[in-house]
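Residues per chain are reported as follows:
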Amino acid sequence: MDDGGSYPGLMRTRCGGVARNHADALTRLGCETTLISAIGNDSYGETLLSMCSHMDMSHVLRVSGVQTATYLSVALKGNVLYGITAIEPMISKLTPDVITSKEDLIASSDAIVVDGNLTVESLQVAVSLAHRHGKFIWFDPADQSKVFKVFESNSFNKINAISPNANEFLKFLNLHDGPFPTALTTITETKGPDGVTWWHRNGKEFEKVEKSSPIDPTKVVSVSGAGDCLNSGYLAAFLSGFPAERCHEVADACARFSLQSLDSVPASITSACLCDA
């Protein structure tokens, strides 16, 4: 109740962030993955590094005088009631020059995952570099208030896959008039307890595939990170050359492990998901 009182609950510190979650899940799935990000020279940054020792964090910028990006969520029965973010000061340190300095890394990759937390200018540079080198580009908007960035940065016509939730997808449809660009081949629309709708390009049209929630919605432990794990499962399977149906199965397996864990990206996600899904 909104009465100033105190209520018993569980408080947990865990790693998060759309980009970090994807990098974590892809790493656990056996993909050679590098995270490009920025963190502070503070206790939050040290904690994050200690919890991400299994990942390649060598391209994460350390910044003094700015707090590591943090997000506080208040959840009831696994569903987030609201969240409070403090990320923009640190995200602003990922300037276009920083992104440009990573061109060799981008050029040597098979796929690039970018999210809407980046500034419009940095997003434009990241997508342009990946497009110039012919990479598969996956964009996750991160929040419905940030969908506009992919259009303002003139990036939408270069992106191959997007992964909005239902509200973010409505924003895409409201902001884009006309058919989607030919480069866009995959849309992942997550709908919470109603599951996922996959849209796959077939010529000029998109084929629609409806998938129910990978677990009973009443048994969800936490929804945090589940969509990121879903995307990562699909992308890892896609890069392994699996057909779409198999990619969906791997995606569901990864989402299932996340939904059953308090960790955004649980250790139960491993390369075995590509074989056992």
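Each value, and the rule that gives it
- Residues numbered from 1 in each chain as written.
- Predicted model: local features only at pLDDT ≥ 70, side-chain atom pairs only at ≥ 80, totals over all residues.
- Heavy atoms only, no water.
- Phe/Tyr/Trp six-rings, centres within 6.5 Å; stacked < 30°, edge-to-face > 60°.
- Helix = DSSP H or I, 4+ residues; strand = E, 2+ residues; numbered from the N terminus.
- Buried < 20%, exposed > 50% of the residue type's maximum accessible area, 1.4 Å probe, protein only.
- Pairing = 2+ DSSP bridges.
- Salt bridge = Lys/Arg side-chain N within 4 Å of Asp/Glu carboxyl O.
- Axes fitted to C-alpha atoms, helices over the stretch in contact; angles between N-to-C directions.
- Parallel < 35°, antiparallel > 145°, perpendicular 65-115°, else oblique.
- Left-handed = near helix turned anticlockwise from the far one by under 90°.
- Contact = heavy atoms within 4.5 Å.
- Nonpolar A, V, L, I, M, F, W, Y, C, P; charged D, E, K, R; others polar.

The name given to the protein chain in an unreviewed UniProt entry is Carbohydrate kinase PfkB domain-containing protein, and the organism recorded there is Steinernema hermaphroditum.

A. Representation of the packing of aromatic side chains in the model. Applying the stated criterion to the full structure yields ten aromatic pairs. Seen in terms of ring centroids, F169 and W199 are 6.1 Å apart; in terms of plane orientation they differ by 45°. Their pairing is tilted. Of the two residues, F169 is situated in helix α8 (residues 166–175) and W199 in strand β9 (residues 196–202); the sequence distance between them amounts to 30 residues. Look at F180 and F206: their rings are 6.3 Å apart centre to centre, the planes differ by 80°, and that puts the pair in the edge-to-face class. Here F180 is found in the loop between α8 and β8 (186–190), whereas its partner F206 is found in strand β10 (residues 205–211), with 26 residues between them in sequence. By relative accessible area, F206 is classed as partly exposed at 23%. Three or more aromatic residues link up through ring pairs in this structure, and these residues are F136, W138, W198, Y234 and F238.

B. Molecular detail of the sheet that holds β8. Here we have six strands laid out as an open sheet, ordered β5-β6-β7-β8-β9-β10, and mixed in their pairing. Strands at the two margins of the open sheet, each flanked by one partner only, are β5 (111–115) and β10. Where strand β7 (residues 161–162) lies against β8, two bridges are found, and the strand directions are parallel. The partner of A161 across the bridge, within β8, is T186.

C. Structural view of the pairing of strand β6 (residues 136–140). By the criterion of burial, β6 is predominantly enclosed, with five of the five residues buried. Across the two faces of β6 the burial is the same, with F136, W138 and D140 and I137 and F139 all buried. Judged from the five bridges that link them, β5 and β6 form a sheet pairing that is parallel. Paired with V113 across the strands is W138, a residue of β6. One ladder, built from two bridges, connects β6 with β7; its direction is parallel. For W138, the partnering residue across the bridge sits in β7 and is A161.

D. Layout of the pattern of salt bridges. Evaluation of the coordinates by the stated rule reveals ten salt bridges. A salt bridge links K191 to E210, with the nearest nitrogen and oxygen atoms 3.1 Å apart. Placement of K191 in the loop between β8 and β9 and of E210 in strand β10 is noted, with a sequence separation of 19 residues between them. A relative accessible area of 45% means that E210 is categorised as partly exposed. Bridged by salt links that share partners, the residues R20, D24 and R28 form one connected network.

E. Seen up close, the packing of helix α9 (residues 226–239) against helix α10 (residues 244–259). Orientation of α9 relative to α10, taken along the N-to-C sense of each, is 150°, at an axis distance of 7 Å. Comparing the axis directions of α9 and α10 gives the class roughly antiparallel. The crossing of α9 and α10 is right-handed. In this structure, α9 uses A226, C229, L230, G233, Y234, A237 and F238 to contact α10, whose residues at the interface are A244, C247, H248, V250, A251, D252, C254, A255, S258 and L259. Partitioning the contact of α9 with α10 into residue classes produces 13 nonpolar, three polar and one charged.

F. The arrangement of the side chain of H248 in detail. Mapped onto the secondary structure, H248 falls in helix α10. For H248, the contacting residues outside a window of four places in its chain are W198, H200, V209, K211 and Y234.

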